[in-house]
Amino acid sequence: MPPPRPGIAIHTLAARLRDLPPSCGPVRLVGVDGHAGSGKSTFAGHLAAALGGAPVLHLDDIASHEELFAWDGRLLTEVIEPLTRGATASYSPYDWRARRFGPARALPPAPVVLVEGVGAGRRALRPHLARLLWMEVPREESWARGRARDGEEQREFWAGWVEAERRHFTEDPSRPFADLLVRQSAQGYEVLTAPAGTLDTDQSVTHRDGPPAMW
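The text that follows walks through the structure, step by step, so that each part is easy to find. (Residues numbered from 1 in each chain as written. Predicted model: local features only at pLDDT ≥ 70, side-chain atom pairs only at ≥ 80, totals over all residues. Heavy atoms only, no water.)

## With respect to the packing of aromatic side chains
Line of reasoning, step 1. Under the criterion given, the structure shown has five aromatic pairs.
Line of reasoning, step 2. Consider the rings of F69 and W161, whose centres lie 5.1 Å apart with planes at 35°: the pair is tilted. Within this pair, whereas F69 is found in the loop between β3 (56-58) and α3 (72-84), its partner W161 is found in helix α5 (residues 155-171), the two being separated by 92 residues in sequence.
Line of reasoning, step 3. According to the relative accessible area criterion, F69 is buried, its value standing at 11%.
Line of reasoning, step 4. One aromatic cluster is present, formed by Y94, W96 and F101 through successive ring pairs.
Line of reasoning, step 5. Above the face of the W71 ring, R122 is positioned so that its terminal group lies 4.5 Å from the ring centre.
Line of reasoning, step 6. A cation over a ring is seen here: R126 above F177, with NZ or CZ 3.8 Å from the ring centre. (Phe/Tyr/Trp six-rings, centres within 6.5 Å; stacked < 30°, edge-to-face > 60°. Helix = DSSP H or I, 4+ residues; strand = E, 2+ residues; numbered from the N terminus. Buried < 20%, exposed > 50% of the residue type's maximum accessible area, 1.4 Å probe, protein only. Lys NZ or Arg CZ within 6 Å of the ring centre and 35° of its normal.)

Written out as structure tokens, the structure is:
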């Protein structure tokens with residue numbers, strides 16, 4: 001497998017995403033996938049800001065205790081189908097502590113919409129994605145971060161989650177289909193071409209953004 005190619009900065013990435021042809025009706029749907037705890041939500045927030053406030057759909061709002069990964073049919077019906085028609089989608093975010101779905105939330109057909117979460121690059125969603133990004137953090141490191149973030153209260157949940165995530169990525173891997181890999185360092189994020197991906201412009205220089213607080 002060839003090594004990743006040189007990277008691009010997050011604001012350059014945002015500009016390139018805007019220039020892509022629509023992939024889901026009028027929307028350029030961009031997936032941000034990776035292991036739980038790999039920093040997907042934080043990165044998606046920074047990328048959304050660089051895109052001028054692009055909507056972000058968090059797959060934690062779509063999944064539930066009963067459907068950790070068996071939510072793709074609901075996502076296609078409630079979100080993808082309306083966006084494909086250029087209509088505003090509507091979904092009910094799941095409350096992980098109350099264990100129930102809450103009031104409906106609108107998701108407009110913006111020029112770029114980010115979908116972040118474990119499974120954002122799954123087989124059922126890939127045909128609708130303009131680009132798939134993968135957070136390049138080893139799974140054990142990601143899971144350790146997630147456990148530290150969620151604390152003792154979620155220890156039992158994490159034990160079940162790890163096995164469920166292993167099964168999911170064994171049966172339906174995302175990384176082999178990623179267009180870009182995202183790595184984080186003390187200097188910020190570096191976005192690299194994945195082995196399966198391509199960049200549209202000169203790749204001879206690696207660019208890095210400043211610390212996240214500067215974005």
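And the narrative resumes.
## So, the pairing of strand β2 (residues 28-33)
Line of reasoning, step 1. Burial within β2 is extensive, with six of its six residues counted as buried.
Line of reasoning, step 2. A two-sided burial pattern is seen for β2, the buried positions comprising R28, V30 and V32 on one face and L29, G31 and D33 on the other.
Line of reasoning, step 3. As paired strands, β2 and strand β8 (residues 112-116) are joined by five bridges and run parallel to one another. Within β8, the residue paired with V30 across the bridge is L114. (Pairing = 2+ DSSP bridges.)

## Describing the pattern of salt bridges
Line of reasoning, step 1. Enumeration over the complete set of coordinates arrives at seven salt bridges.
Line of reasoning, step 2. Its salt-bridge partner being D72, residue R122 comes within 3.9 Å of it at the nearest N-O pair. With R122 in the loop between β8 and β9 (131-135) and D72 in helix α3, this pair connects stretches of sequence that are 50 residues apart.
Line of reasoning, step 3. A relative accessible area of 7% places R122 in the buried class.
Line of reasoning, step 4. Between R123 and D172 there is a salt bridge, with the nearest N and O atoms lying 3.8 Å from each other. One end of the pair, R123, is in the loop between β8 and β9; the other, D172, is in the loop between α5 and β10 (180-185), with 49 residues separating them in the sequence.
Line of reasoning, step 5. A relative accessible area of 49% means that R123 is categorised as partly exposed. (Salt bridge = Lys/Arg side-chain N within 4 Å of Asp/Glu carboxyl O.)

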